[in-house]
Amino acid sequence: MIFRKIPIIRYNRGERISMEDPVIEENWLDLYVNGKLLMGTPVIDREIDELVYGFLFMEGYLKSGERIKIEIKSGGAYVNLPGDIEIKTVKELVDCAYSKIGSGEVVYRVKSERKIKAETVVSLMHDFQKLPSVYHETGGVHMAAFASEKDIEEWSDDLSRRNAVDKVIGKLFLKGNGKPEGVMLSSGRISSDIVLRMIRLGIPVIISVSAPTVRGVRLAEEYGITVCGFTRGKRFNVYSNPQRIV
């Protein structure tokens, strides 16, 4: 079950009403690779395989086209990878994109010539907000989606905005699309770790209903990502590389 109804008291304009309200179920997932705990994260209990694939691909443990066996049991996902692979522990994982780049990760500026009309940005967000998600029932999750042209192709939701993005990336990976050319949409904050995922994938545009961070904008400007934030109704802000918006 993704959510359950809980009895609440609602106050509305001085009126007290007893009713039930849908509240999201929070589960916990520990990801073990070759017997080592790689990460732990709160999740909703669906599309776990896609989350694992997306996360491992983004962290460099998987290459395009690779397939793995994922064993799910007792709140854990267990994966065995062949070869002599250095598994970082939870304490060694770094969320800040600049720290990852500073510690040796090589990334390249996204040089996509893709253009996107301003009205397409608005229409994609309009379609995004109509996606069938428990967000509409509970308001307790984040959503992410990928659109190649004017239509949304893949979408997912989860408690974490990054997990939602990783699930979408996992879906693209399993379809054999490890370097998609398109647009990512998100309901969450655009921070440097989300921008770094766009750089790794080569996705030139990210659109969010929410705000970016200064580090996210700085990284996006430096590495060729167009960030559109506060995309609501018929307006939005462009924070970096505005030449792609026509």
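Rules of the game
All residue numbers refer to positions counted from 1 along the written sequence of the respective chain. Since the coordinates come from a predicted model, pLDDT governs what is reported: local features require at least 70, and pairs of side-chain atoms require 80 or more to be given and counted, while whole-chain, interface and lining totals use all residues. Remark: hydrogens and water are excluded; side-chain values derive from all non-hydrogen atoms of the structure. Categorising residues by exposure relies on relative accessible area from a 1.4 Å probe, with only protein chains included: less than 20% of the type maximum marks a residue as buried, more than 50% marks it as exposed, and the intermediate range marks it as partly exposed. Secondary structure elements are defined from DSSP: runs of H or I of at least 4 residues count as helices, runs of E of at least 2 residues count as strands, and each element is numbered from the N terminus. Any two residues having at least one pair of non-hydrogen atoms within 4.5 Å are treated as being in contact. Patches here: salt-bridge-free residues with over 30% relative accessible area, like charges joined within 9 Å, nonpolar side chains (Val, Leu, Ile, Met, Phe, Trp, Tyr) joined within 5 Å. Areas reported here follow the Shrake-Rupley algorithm with a probe of radius 1.4 Å; residue values treat only the protein chains shown as occluding. In what follows, salt bridge is the name for a side-chain nitrogen of Lys or Arg lying within 4 Å of a carboxyl oxygen of Asp or Glu. Residues scored as positive are Lys and Arg, those scored as negative are Asp and Glu, and His as well as the terminal groups of each chain are ignored. The atom standing in for a charge is NZ when the residue is Lys, CZ when it is Arg, CG when it is Asp and CD when it is Glu. Any two strands are treated as partners once DSSP identifies two or more bridges connecting them. Lines fitted to C-alpha atoms define the axes here, with helix axes fitted over just the stretch in contact, and angles between the N-to-C directions of these axes take values from 0 to 180 degrees. Note on ring pairs: Phe, Tyr and Trp rings are taken, using the six-membered ring of Trp, and paired if centres are within 6.5 Å. Classes follow the plane angle, with under 30 degrees stacked, over 60 edge-to-face and the rest tilted. As used in this record, nonpolar core signifies buried Ala, Val, Leu, Ile, Met, Phe, Trp, Tyr and Cys residues forming a set joined through side-chain atoms within 4.5 Å.

K.L.:
Describe helix α3 (residues 118-128), with residues and values.
P.N.:
Taken together, the buried positions of α3 are occupied by T120, V121, V122, L124, M125 and F128. Structurally, α3 contributes buried residues whose contacts are with β7 (142-147), β8 (152-158), β9 (183-186), β10 (205-208), β11 (226-232) and β12 (235-240).

K.L.:
How would you summarise a negative patch on the surface if you had to cite specific residues and measurements?
P.N.:
A cluster of acidic residues, D127, E149, D151, E153 and E181, forms a negative patch at the surface. Mapped onto the fold, E153 is located in strand β8. We classify E153 as partly exposed; its relative accessible area is 38%.

K.L.:
How would you summarise the sheet that holds β7 if you had to cite specific residues and measurements?
P.N.:
Across the sheet, which stays open at both edges, the six strands sit in the order β8-β7-β9-β10-β11-β12 with mixed pairing between neighbours. The open sheet has two edge strands with one neighbour each: β8 and β12. The sheet shows a mean angle of 20° between the axes of neighbouring strands, taken without regard to direction. The pairing of β10 with β11 spans three bridges and is parallel. When the sheet's bridge partners are listed, I207 is paired in β11 with C228. The sheet contacts of helix α7 (residues 214-223) involve β11 and β12, and relative to β12 the element is tilted by about 65°.

K.L.:
Could you give an account of the packing of aromatic side chains, naming the residues involved and the relevant values?
P.N.:
Under the counting rule described, the total for this entry stands at three aromatic pairs. Here Y53 and F173 contribute two aromatic rings whose centre-to-centre distance is 5.6 Å and whose plane-to-plane angle is 35°, an arrangement assigned as tilted. A residue pair is termed long-range when its members are at least 10 positions apart, and Y53 in helix α1 (residues 48-58) and F173 in helix α5 (residues 161-174) qualify at 120 residues. A relative accessible area of 5% places Y53 in the buried class.

K.L.:
Hey, could you go over the sheet that holds strand β5 (residues 70-73) for me, with residue numbers and the actual values?
P.N.:
Read from one edge of the open sheet, four strands run β4-β3-β6-β5, paired in mixed fashion. Across the chains shown, the open sheet's two edge strands, defined by having one partner strand only, are β4 (36-43) and β5. Across this sheet, the average inter-strand angle for adjacent strands is 20°, counted without regard to direction. As judged from the seven bridges shared by strand β3 (residues 27-33) and β4, these two strands associate in the antiparallel manner. Counted as the bridge partner of W28 is P42 from β4. α1 rests against β3, β4, β5 and β6 (76-79) of the sheet, and its axis sits at about 50° to β3.

K.L.:
Quick one: what's the story with the nonpolar core, residue by residue and with numbers?
P.N.:
Among the nonpolar cores identified, the biggest contains 47 residues, and L31, V52, L56, I68 and I225 are the most heavily contacted of them. Those elements giving two or more residues to this core turn out to be β3, β4, α1, β6, β7, α5, α6 (192-201) and α7. Ranked by residue count, the leading element in this core is α1, at eight residues. Core analysis: the second largest hydrophobic core is formed by 18 residues, I116, M125, M143 and L185 among them.

K.L.:
Give me the environment of V106: which residues, what numbers.
P.N.:
Within the secondary structure layout, V106 lies in the loop between α2 (97-102) and α3. On the basis of relative accessible area, V106 is assigned to the exposed category, the value being 57%. In sequence terms V106 and G40 are 66 residues apart; their C-alpha atoms lie 25 Å from each other.

K.L.:
Account for the pairing of β3, naming residues and giving values.
P.N.:
Adjacent in sequence and paired antiparallel, β3 and β4 are bridged by two residues, among which N34 carries a positive phi angle near 50°. Here β3 pairs with β6 via four bridges, running parallel. What sits directly across from V33, in β6, is V79.

K.L.:
With reference to specific residues and values, describe the pattern of salt bridges.
P.N.:
Taken as a whole, this structure holds 11 salt bridges when the rule is applied. Here E71 ties to K73 by a salt bridge, and the two come within 3.8 Å at their closest N and O atoms. On the basis of relative accessibility, which here comes to 38%, the residue E71 falls in the partly exposed class. Each of E59, D166 and R197 takes part in a single network of salt bridges with overlapping partners.

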